[in-house]
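Secondary and tertiary structure notes
Below are the chains, spelled out letter by letter.
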Amino acid sequence: MAIATTMRPLISLALPEKGAARLAGQLLLAIAGTLLLILSAKTKVLLGPVDISMQTLAVLVIAAAFGMRLGVATLLLYMAEGALGVPVFQSTPEKGIGIAYMLDSTGGYLAGFVVMAVIVGWAADRGWDRHPIKLFNAMLVAEIVMMAMGFAWLALLIGPEKSWQFGVLPFMVGDLIKVALAASLVPAVWSLLKRS
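Remember, predicted model here, so these are calculated numbers, not experimental data.

What follows is about the overall build of the chain. When its secondary structure is counted, the chain shows seven helices and two strands. The linear arrangement of helices and strands in the chain, starting from the amino end, is α-β-β-α-α-α-α-α-α. Computed over C-alpha atoms, the radius of gyration of the chain comes to 17 Å, within 12% of the 16 Å expected from 2.2 N^0.38 for 196 residues, which places it in the range of a compact globule. In terms of overall dimensions, the chain has C-alpha extents of about 55 × 35 × 35 Å along its principal axes. For the chain, buried positions account for 43% of its 196 residues.

The next point concerns the confidence of the model for the chain. Low-pLDDT stretches of the model should not have their predicted coordinates read in fine detail. Per-residue pLDDT for the chain has a mean of 90; in total, 94% of the residues score no lower than 70. Across the chain, helix α4 (residues 107–125) holds the top mean pLDDT of 97, while strand β1 (residues 44–47) sits lowest at 73. Ignoring residues within four places in sequence, the model shows residues 1–5, a span with pLDDT below 50, making two contacts including any to other chains.

Before going further, it helps to spend a moment on a nonpolar patch on the surface. There is a patch of nonpolar side chains on the surface, built from I99, L103, W153, L156, L157, I158 and F166 and spanning about 710 Å² of accessible area. Looking at the nonpolar patch, the element that brings in the most residues is helix α5 (residues 132–158), giving four residues. Structurally, F166 can be placed in helix α6 (residues 160–167).

Across the interface, helix α1 (residues 19–42) lies against helix α2 (residues 55–83) with an axial gap of 8 Å and an inter-helix angle of 95 degrees. For the element pair α1 / α2, the angle class is roughly perpendicular. On α2, the residues touching Q26, L29, A30, I31, G33, T34, L36, L37, I38, S40 and A41 of α1 are Q55, A58, V59, I62, F66, L70, T74, L75, L77, Y78 and E81. Looking at the contact of α1 with α2 residue by residue, the class counts come to 15 nonpolar, six polar and one charged.

In this section: the side chain of T74. Relative to the helices and strands, T74 is located in helix α2. Judged by relative accessible area, T74 falls into the buried class, the value being 0%. Within the structure, T74 has its side chain in polar contact with the backbone oxygen of L70 (distance 2.7 Å). In this view, T74 contacts A30, G33, T34, L37, I62 and F66; residues no more than four positions away in its chain are not counted.

For soluble globular proteins, the rule of thumb is that nonpolar side chains tend to be buried together. By size, the foremost hydrophobic cluster in this structure holds 44 residues, and its most contacted members are L75, M79, F89, F113, V120 and M139. Within the residue set of this core, elements represented by two or more residues are α1, α2, α3 (98–102), α4, α5 and α7 (172–195). With 14 residues, α2 is the single largest residue contributor to this core. Every residue in contact with F113, bar those within four places of it in the chain, is listed here: Q55, T56, V59, L75, M79 and M146.

About the cut-offs
- Sequence positions are assigned chain by chain, starting from 1 and proceeding in written order.
- Per-residue local features are limited, in this predicted model, to residues with pLDDT of at least 70; the limit for side-chain atom pairs, both in listing and counting, is 80 or more; totals at the level of whole chains, interfaces and linings are taken over all residues.
- Just so you know, side-chain values use all the structure's heavy atoms and leave hydrogens and water out.
- Here a helix means four or more residues in a row that DSSP labels H or I, a strand means two or more in a row labelled E, and each is numbered from the N terminus.
- For a compact globule the rule gives 2.2 Å times the number of residues to the power 0.38, and the radius of gyration it is set against comes from C-alpha atoms.
- Burial classification: accessible surface area is computed with a 1.4 Å probe over protein chains only, and a residue below 20% of its type maximum counts as buried, one above 50% as exposed, and the rest as partly exposed.
- Summary of the metric used: pLDDT quantifies the predictor's per-residue confidence within the range 0 to 100.
- Any two residues whose heavy atoms approach within 4.5 Å are treated as being in contact.
- Without a salt bridge and with relative accessible area above 30%, a residue can belong to a patch; like charges are then joined within 9 Å and nonpolar side chains (Val, Leu, Ile, Met, Phe, Trp, Tyr) within 5 Å.
- Only the protein chains shown count as cover for residues, and all accessible areas are computed by the Shrake-Rupley method using a 1.4 Å probe.
- The term salt bridge refers to a side-chain nitrogen of Lys or Arg lying within 4 Å of a carboxyl oxygen of Asp or Glu.
- To get an axis, fit a line to the C-alpha atoms, keeping to the stretch in contact for a helix; angles then go from 0 to 180 degrees between the N-to-C directions.
- Put simply, angles under 35 degrees are roughly parallel, angles over 145 are roughly antiparallel, angles from 65 to 115 are roughly perpendicular, and the rest are oblique.
- Residues are sorted three ways: Asp, Glu, Lys and Arg are charged, Ala, Val, Leu, Ile, Met, Phe, Trp, Tyr, Cys and Pro are nonpolar, and all the rest, Gly among them, are polar.
- Definition of a polar contact: a pair of N or O atoms within 3.5 Å, with one able to donate and the other able to accept a hydrogen when the atoms are protein atoms, and with sequence-neighbouring residues admitted only if both atoms are side-chain atoms.
- Joining through side-chain atoms within 4.5 Å is the link that ties buried Ala, Val, Leu, Ile, Met, Phe, Trp, Tyr and Cys residues into a set, and such a set is a nonpolar core.

This is the structure in structure tokens:
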């Protein structure tokens, strides 16, 4: 007898089971997710020498709550909005818009957000979103992969030493805090739902 390895992500509890209503619900959630990503990109916290956005936290929570398919679709919709010139990213329109902005210094991090959604969404689809330690581990791996992608892209533009100094080090503590917070939030919601 085969054991199912896929579980339902948190957001599936709010969606109809099948049909056009489910598709419409998923579309509305993807749009709402992009709005959350825009808001999180524009929300900056001064932590040390750089401004840190809440975007990583939003990506992690969306991926864990939506699961891999809807999470990745939401991130791809967000990237498409940005590619079309909508000022959805942290420093837009001040530092440019569209494809030109996406291929500049933040390009690797933006691509890394999609990979984060794959990793964390995959984990959520397997029930890891119910366990803080398992979810933290998945989110930490996703964070490391995203930072590595951002570092690699930035290193091509400004060299590895400056990329490490300006593109990784200032964000390590803040991003670790965001990973811990995101890994606590979604299992906490599951725990509340089990009690009710």
